[in-house]
Amino acid sequence: ILSRHDEATFLEKEVLPRIAYTTDRDPSMAVGVVHSDAAAVIEKYCRQEVLARGCNYIRCIPDSCNGGVRYENTFVLSSWAPGMKGSAAGSRDMLVSYNAQERLQSSEVETSVTSHESHPSLTTRNMLFSQFFWPTRQGSRGGRFYFCGSAVTPGNGHDLSLTSGFAVAHALGASFPFPENELALQDFGRVRRMMGLS
């Protein structure tokens, strides 16, 4: 956030408003429904396999209104997030479904989550920003401005986003939290170089 004394540079004025997010292109991914009703969103023939080993399940449904395809995307948190197994939810499946509200009308819903500006689009423009713009902005304005997160790293991965936060924290004086883990340390070094912080 710029204070009233900080004027955005020409490049910042050009780039910052042009970061594209998936919800800009596809608003159906803006709100997810948290639930446990796998039968409502995953077809029976593959349900057990998806629940045991799947990361997400995507249904492609012909859309008669516009002649295209409508996508329903369900993230299967309980299969890949270790903290979800044996949690307070017990042995229930933990799912987050997008664009499947009609299927979930009679289901017990835990809550909803928003994805607004949480997933940058994997576009050439965003990739160029991450490689050529963001590294030049790190430590700008006398070391007061740093950027991290999914919009700053190429690929939009959770691991990259988290590690980018570690890299900025390190630039501000914090220690890397996993120095004994050689693979994590290697990734940390790569991300710091990629972000222009080494």
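Described in the following lines is the structure provided in the data block.

Moving on: the overall build of the chain. Looking only at helices and strands, one finds nine helices and five strands in the chain. In sequence order, the secondary structure elements of the chain are arranged as α-α-β-α-α-β-β-α-β-β-α-α-α-α. With the principal axes as the frame, the chain shows a C-alpha extent of 55 × 45 × 30 Å. Residues counted as buried form 40% of the 198 residues belonging to the chain. Separation of charge centres in the chain, based on 19 positive and 20 negative side chains, amounts to 4 Å.

The next subject is the packing of aromatic side chains. Evaluation of the coordinates by the stated rule reveals eight aromatic pairs. For the ring pair Trp134 and Phe147, a centre distance of 4.8 Å and an interplane angle of 50° mean the geometry is tilted. Here Trp134, found in helix α6 (residues 124-137), pairs with Phe147, found in the loop between α7 (140-143) and α8 (158-171); they are 13 residues apart in sequence, far enough to count as distant. A ring pair is formed by Phe166 and Phe176, whose centres lie 5.8 Å apart and whose planes are at 85°; its orientation type is edge-to-face. You can see Phe166 sitting in helix α8 and its partner Phe176 sitting in the loop between α8 and α9 (182-194), a full 10 residues away along the chain. With a relative accessible area of 10%, Phe176 lands in the buried category.

This part covers the sheet that holds strand β2 (residues 56-62). What the five strands build is an open sheet, ordered β2-β3-β4-β1-β5; its pairing is antiparallel. Edge positions in the sheet fall to β2 and β5 (109-114), since each of these pairs with one other strand and no more. Ignoring strand direction, the axes of neighbouring strands in this sheet form an average angle of 20°. Direction of pairing for strand β3 (residues 69-76) relative to strand β4 (residues 95-98): antiparallel, over a ladder of four bridges. Along β4, the bridge assignment pairs Phe75 with Val96.

What follows concerns the environment of Leu160. Counting through the fold element by element, Leu160 comes out in helix α8. By relative accessible area, which is 21% here, Leu160 ends up partly exposed. Contacts of Leu160, omitting those with residues within four sequence positions, involve Thr153, Pro154, Val191 and Met194.

Our focus in this paragraph is α8. Given a rise of 1.5 Å per residue, 14 residues ought to cover 20 Å, and the 20 Å separating the end C-alpha atoms of α8 matches this to within 8%. Listing the buried residues of α8 in full gives Ser161, Thr163, Ser164, Ala167 and Val168. Packing partners of the buried residues in α8 comprise α9. One or two steps after α8, the chain reaches Gly173, where phi turns positive at roughly 115°.

In the structure shown here, the tally under the stated rule is one cavity of 30 Å³ or more. What lines the largest cavity is a set of 13 residues, among which Ser121, Asn126, Ser150, Thr153 and Gly155 lie closest to the centre. In terms of residue class, the lining of the largest cavity is made up of five nonpolar, eight polar and no charged.

Moving on to α6. The terminal C-alpha atoms of α6, which comprises 14 residues, lie 19 Å apart, in line with the 20 Å expected from a rise of 1.5 Å per residue. Along α6, the sharpest change in direction is near 40° and occurs at Ser130. Taken residue by residue, α6 has Asn126, Phe129, Ser130, Phe133, Trp134, Pro135 and Arg137 as its buried positions. Buried residues along α6 sit in contact with α1 (10-15), α7 and α9.

This paragraph deals with the environment of Leu122. Summarising the element assignment, Leu122 is placed in the loop between β5 and α6. Overall, the relative accessible area of 59% leaves Leu122 in the exposed class. Considering only alpha carbons, one finds Leu122 and Cys60, 62 residues apart in sequence, at a separation of 20 Å.

Rules and cut-offs
Residues numbered from 1 in each chain as written. Predicted model: local features only at pLDDT ≥ 70, side-chain atom pairs only at ≥ 80, totals over all residues. Heavy atoms only, no water. Helix = DSSP H or I, 4+ residues; strand = E, 2+ residues; numbered from the N terminus. Buried < 20%, exposed > 50% of the residue type's maximum accessible area, 1.4 Å probe, protein only. Lys, Arg positive; Asp, Glu negative; His and termini not counted. Charge placed at Lys NZ, Arg CZ, Asp CG, Glu CD. Phe/Tyr/Trp six-rings, centres within 6.5 Å; stacked < 30°, edge-to-face > 60°. Pairing = 2+ DSSP bridges. Axes fitted to C-alpha atoms, helices over the stretch in contact; angles between N-to-C directions. Contact = heavy atoms within 4.5 Å. Expected span 1.5 Å × (residues − 1). 1 Å grid on protein atoms, 1.4 Å probe; cavity = no way out; pocket = protein on both sides within 12 Å on 5 of 7 lines; lining within 4 Å. Points joined across faces, edges and corners; volume = space filled by probe spheres on them. Nonpolar A, V, L, I, M, F, W, Y, C, P; charged D, E, K, R; others polar. Bend = angle between axes of the 7 residues up to and from the residue.

Scope: geometric values only; no functional claims are made or implied.
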